[in-house]
Amino acid sequence: MLKMTHLSKVYRTEVVETYALRDFNIDVKEGEFVAVTGPSGSGKTTFLTIAGLLETFTGGHYHLDGIEVSQLNDNARSKIRNEKIGFIFQAFNLIPDLNVYDNVEVPLRYRGMKGAERKQRIMDALERVGLASRAKHYPAELSGGQQQRVAIARALAGSPRLLLADEPTGNLDTQMARGVMELLEEIHREGATIVMVTHDPELASRAQRNVHIIDGQVVDLSEEPRFHAHNARVADA
Amino acid sequence: MQIKPILAALKRHKAGTVLIALQIALTLAIVCNALFIIQQRVSKLVRPTGVAESEVLTVQNSWVGADDATAASRTKTDLLALRGMPGVRDASFSNSYPLRGGGMSLGVKTDPDVKKPITGATIYYSDDHSIDALGAKLIAGRNFLPQEIRWVGSNEFDAPAQVIISKALAHKVYPDGSALGKPIYLALGETGGKPSTVVGIVERLQVPWSGNWASNFVEYSVLVPYQSTGAFGSYIIRAKPGQLDALTKAVPALLFKTNRMRVIPAERGVRTFAQVRDEAYKSDRGMAILMGVVCAVLLAITAAGIVGLTSFWVGQRRKQIGVRRALGATKHDILSYFLTENLLIGAGGVIVGAALAIGMNLWLVSHFEMERLSLLYVVVGVVALLLLGQGAVLAPAMKASRVPPVEATRSV
Ligand SMILES: Nc1ncnc2c1ncn2[C@@H]1O[C@H](COP(=O)(O)OP(=O)(O)OP(=O)(O)O)[C@@H](O)[C@H]1O
Ligand SMILES: [Mg+2]
């Protein structure tokens, strides 16, 4: 579904070149639920923005759903974002000028979907996150957890195959975070591929697979987790 | 396409929206009326007088120390001298001429027993040279005969036996086109009076006044076969082709050589007809230019307001533009969002503005000499302002479309 090989991303400013990602390799299979962890500034968000076609990369290859992404023009990238990818951001990123209903409608309109189908999908998605009764509310009138559920509804409404979430629970308390996590698990069970960046080890442990990024590179966890686990047990003892 | 959500979002930005819409409305109202005034002034400016304007020189003359008899004989001498000049085609003497600014007017009737004249008309004292000197075109009947010309004192006007009138006046008093040979009555008393037979019709001859109040009878002229024995009058001198410039110096020189007992005012005493026209329409031209400047300034302010507000909104909405891009909006979608938004604000503005424009015109009509605004001006103004809005919004909208999708992930 999502395959990066020897991928690199360099941020150039006048004075410095920052390698946000270097020789970055990852292969996420269709239907997987992957949690991405790593220290702050390690390149997790950078990875996600490139994966989600929000940004271009400097070197290497990225195949999304079998398509070599670097060949695509801006319009084609917009279309893929719109049809195949759902985004969930740490800061929710709802449009403050639009009510809940209109927020969920945004990606559907860009897809050129007919009004009746839009309405059906919006109500289904809001139903799913338990906020159908708040359709006319504005984001500012909702709690953080509710806003994030609206954002999930917005990501879901277009039935994306790939869901990218950057610390979706980072701004939420434990209970709200659990609710969001349960929703993501449910969506995963229905067949979506999910890549989620998180700082929360508990949430990460609920994913099928953990990818650890340090200093812009994926660290192989097939060896290390056992090592860490072993250490942990030793420490416990 | 996405009108509903744009309107929904605008509701959350009422102040800016209303401000710009009002600015558009006021601009439309003022620009429509100003353009209408400009058009009216300009159409006046280009109105033909019936005079061979590029060949005519006018000289304002007043005799010093002359009674009626000597004034008449001096004027006759002048005319002979002028007509004898090598560069002169013909010359005549009159109380006034088109666009001069001052002149004489009388009511005109076809029935002497009716009190109310059909219309007012100007009276030009003329002789058998006048039509040729003015360069007017006789289209029916005949010129005055030399023996028909009478020298009269300035206060002893009575109805002449023959008159030559302008075509416009002929059609006004005899709408069936049968004026030639018919009598008209110059309204000197309430009723009664002697008939004046229309012996000739000239194609066009404007009155001396260029003000709006004269627009009802701007081409109603009557040539009477009188020459004034008064001290004041104007020579109308028609130059041979290419001789006009030379005559502006030669004519006053010759006149003073012929008789020094005269005053030709230093200002406006000797004027080519081009100067006459220029001076007659000075205030109209000034008004048109002022209105034009007002329009340009207003349009520029409105455009600047739109650019300013949209730029501000684009800056304010960078994040949500990034989010929209992340959710699948193309650059074109973002561009068209801002263009559509502007069009909606503009539509609100021009609806109010069109009503204001018509209201403002009705007020001008009732308080000043203004005509009713043609709806075409409103339509053109509406289209122009909508286009202005789209043009003004283009640069900030392009800037918005270049906000990268990754902006969605940047923390505020
Ligand atoms: N637009 C940018 N310009 C320059 N450098 C950038 C830019 N975005 C990210 N970086 C740099 O790239 C590196 C990786 O950043 P990134 O945001 O991917 O980290 P992260 O793992 O998401 O961190 P966190 O856990 O704090 O969110 C950092 O060193 C960061 O300073
Ligand atoms: Mg991050």
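Cut-offs applied
- Residues numbered from 1 in each chain as written.
- Chains lettered and ligands numbered in written order.
- Predicted model: local features only at pLDDT ≥ 70, side-chain atom pairs only at ≥ 80, totals over all residues.
- Heavy atoms only, no water.
- Near = heavy atom within 4 Å.
- Polar contact = N/O pair within 3.5 Å; in protein donor to acceptor, adjacent residues only side chain to side chain.
- Areas by Shrake-Rupley, 256 points an atom, 1.4 Å probe, with all protein chains shown as cover.
- 1 Å grid on protein atoms, 1.4 Å probe; cavity = no way out; pocket = protein on both sides within 12 Å on 5 of 7 lines; lining within 4 Å.
- Sits in = over half its atoms within 2 Å of the grid points.
- Helix = DSSP H or I, 4+ residues; strand = E, 2+ residues; numbered from the N terminus.
- Expected span 1.5 Å × (residues − 1).
- Buried < 20%, exposed > 50% of the residue type's maximum accessible area, 1.4 Å probe, protein only.
- Phe/Tyr/Trp six-rings, centres within 6.5 Å; stacked < 30°, edge-to-face > 60°.
- Lys NZ or Arg CZ within 6 Å of the ring centre and 35° of its normal.
- Lys, Arg positive; Asp, Glu negative; His and termini not counted.
- Salt bridge = Lys/Arg side-chain N within 4 Å of Asp/Glu carboxyl O.
- Contact = heavy atoms within 4.5 Å.
- Domains from an automatic or database assignment.
- Buried area = accessible area lost by both parts, 1.4 Å probe.
- Nonpolar A, V, L, I, M, F, W, Y, C, P; charged D, E, K, R; others polar.
- Points joined across faces, edges and corners; volume = space filled by probe spheres on them.
- UniProt positions renumbered as here; feature names shortened; annotations may be inferred.

1. Points about the site of ligand 1
Part 1 of the argument: The immediate surroundings of ligand 1 are formed by 14 residues, with Ser40(A), Gly41(A), Lys44(A), Thr45(A) and Thr46(A) found nearest.
Part 2 of the argument: Surrounding ligand 1 are residues belonging to chains A and B, so the site spans chains.
Part 3 of the argument: For ligand 1, an oxygen atom lies 2.8 Å from a polar atom in the backbone of Gly41(A).
Part 4 of the argument: For ligand 1, whose free accessible area comes to 630 Å², the fraction covered by protein is 66%.
Part 5 of the argument: The cavity where ligand 1 resides is the largest pocket.
Part 6 of the argument: For the shell around ligand 1, the secondary-structure elements that each account for two or more residues are strand E2 (17-28) and helix H1 (44-51) of chain A.
Part 7 of the argument: Top element by residues in the shell around ligand 1 is H1(A). It accounts for 3 residues.

2. Some words on helix H5 (residues 144-157) of chain A
Residue and element names in this part refer to chain A.
Part 1 of the argument: Helix length check: H5, at 14 residues, gives a terminal C-alpha distance of 20 Å against a target of 20 Å (1.5 Å per residue), a fit within 8%.
Part 2 of the argument: Across the 14 residues that make up H5, a large majority, 12, are buried.
Part 3 of the argument: Listed in full, the buried residues belonging to H5 are Gly145, Gln146, Gln147, Gln148, Val150, Ala151, Ile152, Ala153, Arg154, Ala155, Leu156 and Ala157.
Part 4 of the argument: Just downstream of H5, Ser159 is the residue with a positive phi angle, here 45°.

3. Observations concerning the packing of aromatic side chains
We describe a pair of aromatic rings using the distance from one ring centre to the other and the angle between the two ring planes.
Part 1 of the argument: Scanning the entire structure with this criterion turns up 11 aromatic pairs over all chains.
Part 2 of the argument: Ring geometry for Phe157(B) and Tyr226(B): centres 5.4 Å apart, planes at 80°, overall edge-to-face. One end of the pair, Phe157(B), is in the loop between strand E6 (150-152) and strand E7 (162-166); the other, Tyr226(B), is in strand E11 (residues 226-228), with 69 residues separating them in the sequence.
Part 3 of the argument: For Phe157(B), a relative accessible area of 15% corresponds to the buried category.
Part 4 of the argument: Here a set of aromatic residues connected by ring pairs shows up, and it is made of Tyr125(B), Phe157(B) and Tyr226(B).
Part 5 of the argument: One residue, Arg12(B), lies across the ring of Tyr138(A), its end atom 3.6 Å from the ring centre.
Part 6 of the argument: Here the guanidinium or amino end of Lys182(B) rests over the ring plane of Tyr174(B), the centre of that ring lying 4.9 Å away.

4. Remarks on the side chain of Arg81(A)
Part 1 of the argument: With respect to the element layout, Arg81(A) can be found in helix H2 (residues 74-84).
Part 2 of the argument: For the buried Arg81(A), no salt bridge is present, and the opposite-charge side chain at shortest range is Asp74(A), 5.3 Å distant.
Part 3 of the argument: Looking at Arg81(A), its side chain comes within polar contact range of the side chain of Ser78(A), at 3.1 Å.
Part 4 of the argument: If sequence neighbours within four positions are ignored, Arg81(A) has contacts with Gly52(A), Leu53(A), Leu54(A), Phe87(A), Arg325(B), Ala326(B), Gly328(B), Ala329(B) and Pro405(B).

5. Section: the domain arrangement of chain B
Residues and elements named next belong to chain B.
Part 1 of the argument: Each domain of chain B was delimited in the assignment, giving domain 1 (3-45 + 283-409) and domain 2 (65-260).
Part 2 of the argument: If you average the C-alpha positions of domain 1 and of domain 2, the two centres end up 54 Å apart.
Part 3 of the argument: On the side of domain 2, 4 residues touch domain 1, which itself brings 4 residues to the contact.
Part 4 of the argument: Summing both sides of the interface, domain 1 and domain 2 together bury roughly 300 Å²; the carbon and sulfur share of this comes to 28%.
Part 5 of the argument: Ranking the residues of domain 1 by area buried against domain 2 places Arg41, Lys44 and Glu369 at the top, with a combined share of 93%.
Part 6 of the argument: The tally of links from domain 1 across to domain 2 stands at 0 salt bridges.

6. Concerning the interface of chain A and chain B
Part 1 of the argument: Between chain A and chain B, the contact holds 24 residues from the first and 25 residues from the second.
Part 2 of the argument: Here chain A and chain B share an interface that buries about 2,400 Å² over both sides, 56% of which is from carbon and sulfur atoms.
Part 3 of the argument: Connecting chain A to chain B are 2 salt bridges.
Part 4 of the argument: For Asp74(A), the salt bridge goes to Arg325(B), with nearest N and O atoms at 2.8 Å.
Part 5 of the argument: Our enumeration of links across chain A and chain B arrives at 10 residue pairs in polar contact (both at pLDDT 80 or more).
Part 6 of the argument: For the side of chain A that touches chain B, the secondary structure elements donating two or more residues are H1, H2 and helix H3 (100-110) of chain A.
Part 7 of the argument: Sorting elements by how many residues they give to the side of chain A that touches chain B places H3(A) first, with 6 residues.
Part 8 of the argument: When the residues that make up the side of chain A that touches chain B are grouped by side-chain class, the tally is 10 nonpolar, 6 polar and 8 charged.

7. What about the layout of surface pockets?
It is the rolling of a water-molecule-sized probe over the atoms that shows where space remains empty.
Part 1 of the argument: By volume, the largest pocket is sized at about 470 Å³.
Part 2 of the argument: Lining the largest pocket are 24 residues, and of these Thr45(A), Thr46(A), Asp166(A), Thr409(B) and Arg410(B) lie nearest its centre.
Part 3 of the argument: Looking at the lining of the largest pocket, the element that brings in the most residues is H1(A), giving 4 residues.
Part 4 of the argument: Class assignment for the residues of the lining of the largest pocket results in 6 nonpolar, 12 polar and 6 charged.

8. Some words on the UniProt feature "transmembrane region" (unreviewed entry) in chain B
All names here are of chain B.
Part 1 of the argument: Under the present numbering, the feature "transmembrane region" (unreviewed entry) in UniProt falls on residues 20-38, 287-314, 334-363 and 375-395.
Part 2 of the argument: Secondary structure across residues 334-363 divides into 100% helix and 0% strand, with the first and last C-alpha atoms of the span separated by 43 Å.
Part 3 of the argument: Taken as a whole, residues 375-395 contains 100% helix and 0% strand, while its terminal C-alpha atoms sit 32 Å from one another.

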